[in-house]
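Below are the chains, spelled out letter by letter.
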Amino acid sequence: MEFNIEIKQQLAEIKALTLLAAKEMLTMNDAVLYTGLGKSYLYVLTCKNKIPYYKPNGKNIYFKKSELN
């Protein structure tokens, strides 16, 4: 039973990473998966203007994948 749960979790992670490959703009959660950095650390980097980010609606933060590379 545990083996099936592990496989399902791994497949979900693979699916998420595959979908990231097709995106150019990433949400905060996407950027966490893509970079492997913590969400709080990404917030610190954005607050200090260490990495470029976009807030088109003034609410959600987005990143260009090419700029994160």
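Description of the structure in this document. (Residues numbered from 1 in each chain as written. Predicted model: local features only at pLDDT ≥ 70, side-chain atom pairs only at ≥ 80, totals over all residues. Heavy atoms only, no water.)

1. Overview of the overall build of the protein
Thought 1: The secondary structure content of the protein amounts to four helices and two strands.
Thought 2: Along the chain direction, N to C, the helices and strands of the protein fall in the order α-β-α-α-β-α.
Thought 3: Relative to the compact-globule value of 11 Å for 69 residues, the protein shows a C-alpha radius of gyration of 14 Å, a clear excess of over 25%.
Thought 4: Residues counted as buried form 17% of the 69 residues belonging to the protein.
Thought 5: Taking all contacts inside the protein whose residues are at least 6 apart in sequence as the whole, residues at least 24 apart take part in 42%.
Thought 6: Averaged over its 10 positive side-chain charges, the protein has a centre that lies 11 Å from the centre of its 6 negative ones. (Helix = DSSP H or I, 4+ residues; strand = E, 2+ residues; numbered from the N terminus. Rg over C-alpha atoms; globule rule 2.2 N^0.38 Å. Buried < 20%, exposed > 50% of the residue type's maximum accessible area, 1.4 Å probe, protein only. Contact = heavy atoms within 4.5 Å. Lys, Arg positive; Asp, Glu negative; His and termini not counted. Charge placed at Lys NZ, Arg CZ, Asp CG, Glu CD.)

2. Looking at the pattern of salt bridges
Thought 1: Under the defined criterion, the tally for this structure stands at one salt bridge.
Thought 2: A salt bridge links Lys23 to Asp30; its shortest N-O distance comes to 2.7 Å.
Thought 3: The exposure class assigned to Lys23 is partly exposed, which follows from its relative accessible area of 34%. (Salt bridge = Lys/Arg side-chain N within 4 Å of Asp/Glu carboxyl O.)

3. Notes on the environment of Glu2
Thought 1: With respect to the secondary-structure elements, Glu2 resides in helix α1 (residues 2-22).
Thought 2: Looking at Glu2, the relative accessible area reads 65%, which means it is exposed.
Thought 3: Linking Glu2 and Thr27, residues 25 residues apart in sequence, is a C-alpha distance of 31 Å.

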